[in-house]
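Commentary on secondary and tertiary structure
Residue strings, one per chain:
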Amino acid sequence: MSGKTKELLQMDLYGLLGVESTATSKELKKAYRQKALTCHPDKNPDNPKAVELFHQLSEALEVLTDAAARAAYDKIRAAKKRAEERTRKLDDKRKKIKLDLEAREQQAEDNRQDEVQMTRTLEEEIARLREEGSRQLEEEQRLIREQIQKERDALNPQSGVVRCSQVTPKLKLKWKCKKDDETNGGYSQDLLMRLLQKYGDVLNLIMSSKKNGSAVAEFASVRAAELAVKNEGGLSENPVKISWLEGEPVPAPQMDQFMSTQSALTKERDYESVVMMKMRQAAERQKLIEQMQREDEEAANS
């Protein structure tokens, strides 16, 4: 049984969202939005418990809005409730009988087999969800990001940070991985995309072809990249280190140093065509790929 499945079995997913077990998909999504807004990483950057709760709410929505995964979870939940009810109703005579070693071992073995089968079903459904991706969860998180941005704009329409809009924000990702490890330390391109897309749109993700344990991500917005750098730790058994490669925002106290540059960039954008912008972005990506290839070759030769 995987650690992720064990955690899910210990949680009351309905209670976590604050809904009844008969809640509809619409009611689940509404409850998710209400609770997730209060503990979103963007609103609680210094509160690890809030970030953990946000991820638990996301996992609850993932399982309960998928019919097969929800059915598997409900079976385990119902079995646990029946077991609790039987335990409460046991009288003194039944308790003494239950203490008999042979009967206890046989009952425990039967229960273990049932739990193994039900847990295997839930693990299979969760694995399928990880492969397919949860479109509903991605949509809900996108709506939450938009609402938080609206609230921020309403409270503080003037941003306190100068952002270099001409440079697409790029992050470098590193994790431990042996040279001949075919699993790449547990990280695949699909897994990294799902981890990073929680914080915003990812334009491009380049995995190193010659050196395991390395990748570069290109984000659509600086804010999304900031959230990823600050909050994402990757797999607990093999954490990922994320650092800025390009496009890191400049703090407000240095704003005066960049006013002239910002003005020049604004004029340049006014005269550049959409075609030229796309060509420049393509050139940046190609340059980034070549840089990674050089680093891979140097690492292979060393």
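First, a word on scope: everything that follows refers to the structure included in this document. Everything numeric here is computed off the predicted structure, so don't read it as measured data.

The next thing to look at is the overall build of the protein chain. Secondary structure assignment for the protein chain yields 12 helices and eight strands. A total of 302 residues make up the protein chain; the buried ones form 34% of that total. Sequence separation of at least 24 residues holds for 73% of the intrachain contacts in the protein chain that already meet a minimum separation of 6. Of the accessible surface of the protein chain, which amounts to about 19,100 Å², a share of 51% is contributed by carbon and sulfur atoms.

This part is about the layout of surface pockets. Counted as a void, the second largest pocket has a volume near 690 Å³. Along the wall of the second largest pocket there are 21 residues; nearest its centre are A83, R86, K98, Q107 and N111. Elements supplying a minimum of two residues to the lining of the second largest pocket: α5 (67-89), α6 (92-98) and α7 (101-132). Here the element with the most residues in the lining of the second largest pocket is α7; it accounts for nine residues.

Further remarks concern the nonpolar core. L13, L17 and Y32 are the most contacted members of the largest nonpolar core, which totals 32 residues. Elements represented by at least two residues in this core include exactly α1 (3-10), α2 (13-17), α3 (25-39), α4 (48-64), α5, α7 and α8 (135-155). For this core, the leading source of residues is α4, giving seven residues. With 21 residues, the next largest nonpolar core counts L171, W175, Y199 and A228 among its residues.

It is worth spelling out the sheet that holds strand β4 (residues 214-219) at this point. With respect to topology, four strands assemble into an open sheet ordered β3-β4-β2-β7, the strand pairing being antiparallel. The sheet terminates laterally at β3 (202-207) and β7 (241-246), the two strands that pair on one side only. The average undirected angle you get between the axes of adjacent strands in this sheet is 25°. Here strand β2 (residues 170-174) pairs with β4 via five bridges, running antiparallel. Its bridge partner lying in β4, K170 is registered against E218. Strand contacts of helix α9 (residues 189-196): β2, β3, β4 and β7, with the helix running at about 145° to β3, the strand carrying the most contacts.

All right, on to the pattern of salt bridges then. Enumeration according to the criterion identifies 15 salt bridges in this entry. We note a salt bridge from R33 to E140, for which the minimum N-O separation is 2.8 Å. With R33 in helix α3 and E140 in helix α8, this pair connects stretches of sequence that are 107 residues apart. Judged by relative accessible area, R33 falls into the partly exposed class, the value being 29%.

With that settled, consider the packing of aromatic side chains. If you walk through the whole model with that rule in mind, you get two aromatic pairs. Their ring planes at 45° and their centres at 6.1 Å tell us that Y14 and Y73 sit as a pair that is tilted. With Y14 in helix α2 and Y73 in helix α5, this residue pair connects regions lying 59 residues apart in the sequence. Residue classification places Y14 among the buried residues on the basis of a relative accessible area of 1%. Ring geometry for W175 against Y187: centres 4.8 Å apart, planes inclined by 40°, an arrangement best described as tilted. On the criterion of sequence distance, the pair formed by W175 in the loop between β2 and α9 and Y187 in the loop between β2 and α9 is long-range, its members being 12 residues apart. Take Y187: its relative accessible area is 2%, and that puts it in the buried class.

What follows deals with the environment of S208. Relative to the helices and strands, S208 is located in the loop between β3 and β4. With 84 residues separating them along the chain, S208 and M292 place their C-alpha atoms 6.9 Å apart. Side-chain polar atoms of S208 contact the backbone oxygen of K211, separated by 3.1 Å.

Checked against the element boundaries, L64 lands in helix α4. Here L64 falls in the buried class, since its relative accessible area comes to 2%. In the structure, L64 is positioned 41 residues away from A23 in sequence and 9.4 Å away in space, judged by C-alpha atoms.

The next subject is the packing of α5 against α7. The geometry of α5 relative to α7 is characterised by a closest axis approach of 9 Å and an angle of 155° between their N-to-C directions. One element, α5, and the other, α7, form an angle in the roughly antiparallel class. Relative to α7, α5 is oriented so that their crossing is left-handed. Contact residues: α5 offers A68, A69, A72, Y73, K75, I76 and A79, while α7 offers M118, T119, T121, L122, E125, R128 and L129. Split into classes, the residues belonging to the contact of α5 with α7 amount to nine nonpolar, two polar and three charged.

Scoring rules and cut-offs
- Residues numbered from 1 in each chain as written.
- Predicted model: local features only at pLDDT ≥ 70, side-chain atom pairs only at ≥ 80, totals over all residues.
- Heavy atoms only, no water.
- Helix = DSSP H or I, 4+ residues; strand = E, 2+ residues; numbered from the N terminus.
- Buried < 20%, exposed > 50% of the residue type's maximum accessible area, 1.4 Å probe, protein only.
- Contact = heavy atoms within 4.5 Å.
- Areas by Shrake-Rupley, 256 points an atom, 1.4 Å probe, with all protein chains shown as cover.
- 1 Å grid on protein atoms, 1.4 Å probe; cavity = no way out; pocket = protein on both sides within 12 Å on 5 of 7 lines; lining within 4 Å.
- Points joined across faces, edges and corners; volume = space filled by probe spheres on them.
- Core = buried A, V, L, I, M, F, W, Y, C linked by side-chain atoms within 4.5 Å.
- Pairing = 2+ DSSP bridges.
- Axes fitted to C-alpha atoms, helices over the stretch in contact; angles between N-to-C directions.
- Salt bridge = Lys/Arg side-chain N within 4 Å of Asp/Glu carboxyl O.
- Phe/Tyr/Trp six-rings, centres within 6.5 Å; stacked < 30°, edge-to-face > 60°.
- Polar contact = N/O pair within 3.5 Å; in protein donor to acceptor, adjacent residues only side chain to side chain.
- Parallel < 35°, antiparallel > 145°, perpendicular 65-115°, else oblique.
- Left-handed = near helix turned anticlockwise from the far one by under 90°.
- Nonpolar A, V, L, I, M, F, W, Y, C, P; charged D, E, K, R; others polar.

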